[in-house]
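Listed below are the residues making up each chain.
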Amino acid sequence: MNEALPSPVNAVIFTRVSKRSQEYQRQIADLKAVAEKRGWTVAKIITEKITGIKGNADRESIEQLLQLCDTKQIQKVLITEVSRLGRRPSQTHQILEHLTEKKISIYIHQYSAETLLLNGKLNPAVSMIFSVTADMARQERETMIDRIVSGMDEARRQGKTFGRKKGRLYSDDDLRAKYSKPLKDLQQGISIRKVAKIYDISPDTVQRLKKLM
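Residues numbered from 1 in each chain as written. Predicted model: local features only at pLDDT ≥ 70, side-chain atom pairs only at ≥ 80, totals over all residues. Heavy atoms only, no water.

**Overview of the nonpolar core**
- Grouped together as the largest cluster of nonpolar side chains are 21 residues, with contacts concentrated most on Phe14, Leu65, Ile74, Val77, Leu85, Ile106 and Phe130.
- Those elements giving two or more residues to this core turn out to be β1 (10-17), α2 (60-70), β3 (76-79), α3 (89-101), β4 (105-108) and α4 (124-157).
- Counting 12 residues, the second largest nonpolar core, distinct from the first, contains Tyr179, Leu186, Tyr199 and Leu212. (Core = buried A, V, L, I, M, F, W, Y, C linked by side-chain atoms within 4.5 Å. Buried < 20%, exposed > 50% of the residue type's maximum accessible area, 1.4 Å probe, protein only. Helix = DSSP H or I, 4+ residues; strand = E, 2+ residues; numbered from the N terminus.)

**What about the sheet that holds strand β5 (residues 113-114)?**
- The strand order across the open sheet formed by five strands is β2-β1-β3-β4-β5, and the pairing between neighbours is mixed. At either end of the open sheet lies a strand with only one pairing partner, and these are β2 (41-49) and β5.
- Both β4 and β5 contribute to a ladder of two bridges, which runs antiparallel. Residue pairing across strands places Ile108 opposite Ala113, the latter belonging to β5.
- Packing of α2 onto the sheet brings it into contact with β1, β2 and β3, and relative to β2 it is tilted by some 160°. (Pairing = 2+ DSSP bridges. Contact = heavy atoms within 4.5 Å. Axes fitted to C-alpha atoms, helices over the stretch in contact; angles between N-to-C directions.)

**Describing the packing of helix α6 (residues 180-187) against helix α7 (residues 192-199)**
- Closest axis-to-axis distance for the α6/α7 pair is 10 Å, and the angle between their directions is 150°. The orientation of α6 with respect to α7, classified from their angle, is roughly antiparallel. Judged by the twist between their axes, the crossing of α6 over α7 is right-handed. Residue-level inspection shows Lys181, Pro182, Asp185 and Leu186 of α6 in contact with α7, the latter providing Ile192, Val195 and Tyr199.
- Grouping the constituent residues of the contact of α6 with α7 by class yields five nonpolar, no polar and two charged. (Parallel < 35°, antiparallel > 145°, perpendicular 65-115°, else oblique. Left-handed = near helix turned anticlockwise from the far one by under 90°. Nonpolar A, V, L, I, M, F, W, Y, C, P; charged D, E, K, R; others polar.)

**Notes on the pairing of β3**
- Residues Lys76 and Leu78 point to one face of β3 and Val77 and Ile79 to the other, with burial holding for every one of them.
- Two elements, β1 and β3, share three bridges in a ladder whose sense is parallel. Counterpart to Val12 in the pairing with β3 is Val77.

**Concerning unusual backbone geometry**
- One non-glycine residue, Lys103, lies in the positive phi region at around 60°.
- Here Lys103 lies in the loop between α3 and β4.
- A positive phi angle, near 50°, is found at Ser112, a position not held by glycine.
- Its place among the elements puts Ser112 in the loop between β4 and β5.

Function cannot be read off these values alone, since they describe shape.
Written out as structure tokens, the structure reads:
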């Protein structure tokens, strides 16, 4: 009797750089080598160049990733380090929770470890790594912000001014287009607090979206 062949494992390589001058080819090369060594098929490569902080709902790369996961086209997500998924703990934990629920494992090359054990349960050691490294990224960002604020204070003392013109950043139509998915969830009765958490956007923005319904 012939033994059943193991099911193929499809993976997506996810890379991110935070400066336009940076390149992600090294990340791709390293993760391709891992996939080849472990017999995983790279179904897609998602790259992201993003400056500043954006919520997951505003990142097309995350939308692509979650769509692949939700349609069960992949079984693994390959990243070089946790911070590639996001710069805020809330971002990385949202993605981790979503993928864990879908039984999709995240391989972190920095630690040669995965978020799921062979039985499909969350790896507690890697979960702790997620928490620690994401928190370190948050602290690093807060330190950077403190330096910026200090520099702005000094500039103000020298008579310089900052800020944008008064008024809303987005019109109502822009807001509907930008946050179509959160708006749809609100229309289905999901609470403001939950929508804000799911899409990592401020409750004030969600409140304004609700007023547009």
